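These are the residues of each chain, in order.
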Amino acid sequence: MISKVVKCPKCSYKTTVIGESGKKIIITCPKCNTKGNYLFPEEHQQLTKTSDSIAIEVNGLIKTFNGLRAVDNISFNVEKGEIFGFLGPNGAGKTTTIKAMLGLIHTNSGEIKINGYDIKPSGKDAKKFVGYLPERVAFYDNLTALQNLHFYAEIKKSSKEDCITLIEEFGLSDSVNKKVGTFSKGMVQRLGMARAILGSSPILILDEPSGGLDPRGVVLIRNKIREMKNKGTTIFISSHILSEIQEICDRVGIINKGVLVAQDTVSGLSKKLNLKPKITVELEKMSDDVVASVKKVKGVDKVEKIGKSIDVICDPKTKAKVILAIETAGGNIINLYTREPSLEEVFMRFTEVK
Amino acid sequence: MISSPILNIAKKEILDNVRNKWVIILTIIFASLTLVVSYFGSIFSQGWQDFGVTIAGMMSLVQFLIPIIGLMLGYAAIIGEIEKGSMSSLLSLPVARFEIILGKFFGLGGVLSFTILIGFGIAGIVIGVNVSDVNYLDYLIFIGATILLGLIFLILAMFFSTLFKKRSTSMGISVFLWFFFNMILPIIFVGIMAASIGIEGLVSGDFPEWYHALTLLNPLSVYSALVSLNVGPVSTIEGISVSYPAFYSSGVMILILLIWIVGFLILTFWKFDRRDI
Ligand SMILES: Nc1ncnc2c1ncn2[C@@H]1O[C@H](COP(=O)(O)OP(=O)(O)O)[C@@H](O)[C@H]1O
Ligand SMILES: [Mg+2]
């Protein structure tokens, strides 16, 4: 239901009408009895998307270091409840953007809002909603893991009781009362994740969360991210590893040399980029039969003959079928290797288009 | 009204620093030296009236050691956390930047005051046992003035800790500051005076008023003036007795010490606010 004030075209009398958007009604002017049609405006997706549904809003962000633009006019929105992947090679400007989002650095221009609060004048309010895992995780080395988390819980005004549970959840039960100065890099990273989650902030900002972690730690943190997402947490996660982000994100933004070169859903992006692995099959003897039968396999995009080997671009799932097709056609496979599309290729493709 | 993040940070600084081995070592050194000075001062004295040299000895001790403790507590307070990386996390919490500075200043100031109280407490007991007519109010003023002096060097170091990009630079400037206020500045002032009134004037101890005004630029001189003006009889260790001009008053001295503290606190807020972490 929306209400609108309409003006009679004849006598200019103003009256308020109520109705559904997109519906047409006939209005009779209460003053001069003129009849007229009125169409309630369509609720435009873009217009009605009030800042209520946006967790993070970055607009025209520019940051220079000694004249060099580390972040060059970046704008994006992160919807509430989504996982947004911020992808880019080392030095692309991810950390700089994140630091600006939290008011850790001063920007040359641009506007940043967290849950509607501008980080510049209302930083303290804005930061109430955020849990943050910095790129370089550090604690107070003289204090124990528990003392450290207690300190952060006090300032976040969150429950101190949760601290021990959190430390245990991240596999540090044996080290609750050990000084953080004695921790390994992986342990510090885990404790860092516990600190970010502390107080269940509605927005999580994670700068390369798998940095310094062993595979088990990576899985632990990935599961935690999924768990938080299911609780409705908005998650902003930066990474320079495509595969790491692909699996868990709803949308990704790609940043290269300070410029946001793409912003899309993961599937949309894969489609755009045609992100398929390339399989190179080395054969004992090249034959046209083999090439022809590989081409026939469903899911194969491209087949290329190079000397005694063939390059096949196909869905990862069709790999087995391709091999079977080669062997049925009498091909003798000597060697086979798969190459995933590298992030560099992705950036190249985007910057080429530009 | 003190908001709670300030208290949380202050508490954390105390927890973090009471285990700092340098703080412990310097506290022990300070306490032992005050014990020695007060013991020998009090066993050879007839009473408080005759206590000037002991007070002067403690004053020299304070001027020598308290700046070191203040500088040591402050030089890494900000840059140390930035270099380490923990400042990013601290600043991502709902705290204002000035609250971080105030919290650290109160916490570190608390540690410093604690050190001073231990040293003076020990000396106080020794003096109390050996001297019959101790003026305890004088002694409290002495302690208060010493805390103010320590806070000046603390906030000076904290300011340079927010100014510089490296912990090592901040440490270097702290060492320099100690030499500057303890050695360089006094030599410059005496040099200026010697050039003006000659060696005979210098020996007579009859210093011109402008010299007394000039020395007020050095917080160490302001401190010793404040103690001399209040704490009974003070004679310098060198035996030269100096009479102060009329514009020297406790109020003026306290005001100058407070201006140093508040001034550098404001400068530190200002600088920290502009800093990229
Ligand atoms: N404090 C700084 N001073 C100077 N240059 C910086 C600073 N921080 C980052 N940069 C530069 O800005 C660019 C982006 O860095 P960063 O945001 O850390 O990239 P990413 O996190 O994507 O790896 C890099 O070229 C880096 O060298
Ligand atoms: Mg980075």
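Every value quoted in this text rests on a predicted model; they were computed, and no experiment measured them.

1. Digging into the overall build of chain A
Okay, so step 1: Of the regular secondary structure elements, chain A holds twelve helices and 18 strands.
Okay, so step 2: Its C-alpha atoms put chain A at 90 × 65 × 45 Å along the principal axes.
Okay, so step 3: The proportion of buried residues among the 354 residues of chain A is 46%.
Okay, so step 4: Within chain A, contacts between residues at least 6 apart in sequence are counted, and of these 60% link residues at least 24 apart.
Okay, so step 5: As presented, chain A carries roughly 18100 Å² of accessible surface, and 50% of it is formed by carbon and sulfur atoms.
Okay, so step 6: Here chain A holds 53 positive side-chain charges and 40 negative ones, and the gap between their average locations is 6 Å.

2. Quick notes on helix α11 (residues 250–274) of chain B
Okay, so step 1: Taking 1.5 Å per residue, 25 residues should reach 36 Å; α11 of chain B reaches 36 Å between its end C-alpha atoms and fits that length.
Okay, so step 2: Within the sequence span of α11 of chain B, burial applies to Met253, Ile256, Leu257, Trp260, Ile261, Phe264, Leu265, Thr268 and Phe272 of chain B.

3. Here we look at the interface of chain B and chain A
Okay, so step 1: The interface of chain B with chain A comprises 31 residues on the first partner and 29 residues on the second.
Okay, so step 2: Three residues, Arg19, Leu93 and Pro94 of chain B, lead the burial of chain B against chain A; their summed loss comes to 21% of the area buried on that side.
Okay, so step 3: Between chain B and chain A we count four salt bridges in total.
Okay, so step 4: Here Glu99 of chain B makes a salt bridge to Lys124 of chain A, at a shortest N to O gap of 2.9 Å.
Okay, so step 5: One can count 20 residue pairs in polar contact (both at pLDDT 80 or more) joining chain B with chain A.
Okay, so step 6: Mapped onto the side of chain B that touches chain A, the elements with two or more residues apiece are α1 (4–17), α4 (79–84), α5 (86–92), α6 (97–130) and α11 of chain B.
Okay, so step 7: Here the side of chain B that touches chain A takes eight residues from α1 of chain B, the largest share from any one element.
Okay, so step 8: Looking at side-chain class alone, the side of chain B that touches chain A contains eleven nonpolar, seven polar and 13 charged residues.

4. Details of the confidence of the model for chain B
Okay, so step 1: Averaged over chain B, the pLDDT score is 88; the fraction of residues at 70 or greater is 92%.
Okay, so step 2: Interface confidence in the predicted complex, given as ipTM, is 0.88; pTM for the same model is 0.82.

5. Focus: the coordination of the magnesium ion (ligand 2)
Okay, so step 1: Taken together, the protein donors to the magnesium ion (ligand 2) comprise Thr95 of chain A (OG1) and Glu135 of chain A (OE), at separations of 2.0 to 2.2 Å. Here the residue Thr95 of chain A occupies a position in helix α2 (residues 94–101), and Glu135 of chain A occupies one in the loop between β10 (130–133) and α4 (145–156), the gap between them amounting to 40 residues.

6. Concerning the site of ligand 1
All names here are of chain A.
Okay, so step 1: Taken together, the neighbourhood of ligand 1 is formed by Phe65, Ala70, Pro89, Asn90, Gly91, Ala92, Gly93, Lys94, Thr95 and Thr96.
Okay, so step 2: Note that an oxygen atom of ligand 1 is positioned 3.1 Å from one of the backbone N or O atoms of Ala92.
Okay, so step 3: Here Lys94 contributes a backbone N or O atom positioned 2.8 Å from an oxygen atom of ligand 1.
Okay, so step 4: Protein chains bury 57% of the 560 Å² of accessible surface belonging to ligand 1 in isolation.
Okay, so step 5: In terms of residue class, the shell around ligand 1 is made up of four nonpolar, five polar and one charged.

7. A look at the packing of α6 of chain B against helix α7 (residues 136–163) of chain B
Residues and elements named next belong to chain B.
Okay, so step 1: As a packed pair, α6 and α7 sit with axes 9 Å apart at the nearest point and diverge in direction by 145 degrees. By crossing handedness, the relation of α6 to α7 is classed as right-handed.
Okay, so step 2: Across the contact of α6 with α7, the residue classes tally to 18 nonpolar, seven polar and one charged.

8. A short note on empty space enclosed by the protein
Residue and element names in this part refer to chain A.
Okay, so step 1: In this structure the tally under the stated criterion is three cavities of 30 Å³ or more.
Okay, so step 2: Quantified by volume, the largest cavity comes out at close to 70 Å³.
Okay, so step 3: Along its surface, the largest cavity is lined by Pro209, Ser210, Val218, Ile221, Arg222, Ile225, Ile237, Glu244 and Ile248.
Okay, so step 4: No other element matches helix α7 (residues 215–230), which puts four residues into the lining of the largest cavity.
Okay, so step 5: The residue inventory of the lining of the largest cavity, partitioned by class, reads six nonpolar, one polar and two charged.

9. Description of the layout of surface pockets
Residues and elements named next belong to chain B.
Okay, so step 1: Its boundaries defined by the atoms lining it, the second largest pocket holds a volume of some 900 Å³.
Okay, so step 2: Every residue lining the second largest pocket is counted, 33 residues in all, and those nearest its centre are Asn20, Met72, Tyr75, Ala76 and Arg167.
Okay, so step 3: Going through the elements one at a time, α1, α2 (21–43), α3 (52–74), α4, α6 and α8 (167–204) are the ones with two or more residues in the lining of the second largest pocket.
Okay, so step 4: For the lining of the second largest pocket, the element with the most residues is α8, which contributes six residues.
Okay, so step 5: In the lining of the second largest pocket, the residues fall into 17 nonpolar, six polar and ten charged.

10. A short note on the nonpolar core
Okay, so step 1: Formed by 158 residues in total, the largest nonpolar core has its most connected members in Ile56, Phe76, Ile205 and Phe236 of chain A together with Phe142 of chain B.
Okay, so step 2: At 17 residues, α7 of chain B tops the list of elements feeding residues into this core.
Okay, so step 3: Those residues in contact with Ile205 of chain A that lie beyond four places of it in its chain are Ile56, Ile98, Met101, Leu102, Val130, Gly131, Tyr132, Leu133 and Phe236 of chain A.
Okay, so step 4: Val281, Val300, Val312 and Cys314 of chain A belong to the second-largest nonpolar core, a separate cluster that totals 15 residues.

11. Digging into the pattern of salt bridges
All names here are of chain B.
Okay, so step 1: Enumeration over the complete set of coordinates arrives at 20 salt bridges over all chains.
Okay, so step 2: A salt bridge links Glu81 to Lys12; the nearest nitrogen and oxygen atoms lie 3.7 Å apart. Remark: Lys12 occurs in helix α1 and Glu81 occurs in helix α4; sequence separation between them is 69 residues.
Okay, so step 3: By relative accessible area, which is 6% here, Glu81 ends up buried.
Okay, so step 4: Through salt bridges with shared partners, a single ionic network connects Lys12, Glu13, Asp16, Glu81 and Lys104.

12. Structural notes on a nonpolar patch on the surface
Residues and elements named next belong to chain B.
Okay, so step 1: Together, Met171, Val175, Phe176, Phe179, Met183, Ile184, Ile187, Ile188, Ile192 and Trp210 make up an exposed nonpolar region whose accessible area comes to about 910 Å².
Okay, so step 2: One can find Val175 in helix α8.
Okay, so step 3: Overall, the relative accessible area of 45% leaves Val175 in the partly exposed class.

13. Here we look at the pairing of strand β6 (residues 68–79) of chain A
All names here are of chain A.
Okay, so step 1: Of the strand pairs in this sheet, strand β5 (residues 54–65) and β6 are connected by nine bridges, and their pairing is antiparallel. If you follow Glu57 over to β6, its bridge partner there is Asn77.
Okay, so step 2: Between β5 and the antiparallel strand that follows it, β6, lie two residues; Asn66 among them carries a positive phi value of about 50 degrees.

Reading guide: rules and limits
Residues numbered from 1 in each chain as written. Chains lettered and ligands numbered in written order. Predicted model: local features only at pLDDT ≥ 70, side-chain atom pairs only at ≥ 80, totals over all residues. Heavy atoms only, no water. Helix = DSSP H or I, 4+ residues; strand = E, 2+ residues; numbered from the N terminus. Buried < 20%, exposed > 50% of the residue type's maximum accessible area, 1.4 Å probe, protein only. Contact = heavy atoms within 4.5 Å. Areas by Shrake-Rupley, 256 points an atom, 1.4 Å probe, with all protein chains shown as cover. Lys, Arg positive; Asp, Glu negative; His and termini not counted. Charge placed at Lys NZ, Arg CZ, Asp CG, Glu CD. Expected span 1.5 Å × (residues − 1). Buried area = accessible area lost by both parts, 1.4 Å probe. Salt bridge = Lys/Arg side-chain N within 4 Å of Asp/Glu carboxyl O. Polar contact = N/O pair within 3.5 Å; in protein donor to acceptor, adjacent residues only side chain to side chain. Nonpolar A, V, L, I, M, F, W, Y, C, P; charged D, E, K, R; others polar. pLDDT = per-residue confidence, 0-100. Donors = N, O, S within 2.8 Å, 3.2 Å for Na, K, Ca; no water. Near = heavy atom within 4 Å. Axes fitted to C-alpha atoms, helices over the stretch in contact; angles between N-to-C directions. Left-handed = near helix turned anticlockwise from the far one by under 90°. 1 Å grid on protein atoms, 1.4 Å probe; cavity = no way out; pocket = protein on both sides within 12 Å on 5 of 7 lines; lining within 4 Å. Points joined across faces, edges and corners; volume = space filled by probe spheres on them. Core = buried A, V, L, I, M, F, W, Y, C linked by side-chain atoms within 4.5 Å. Patch = residues over 30% accessible without salt bridge, like charges linked within 9 Å, V, L, I, M, F, W, Y side chains within 5 Å. Pairing = 2+ DSSP bridges.

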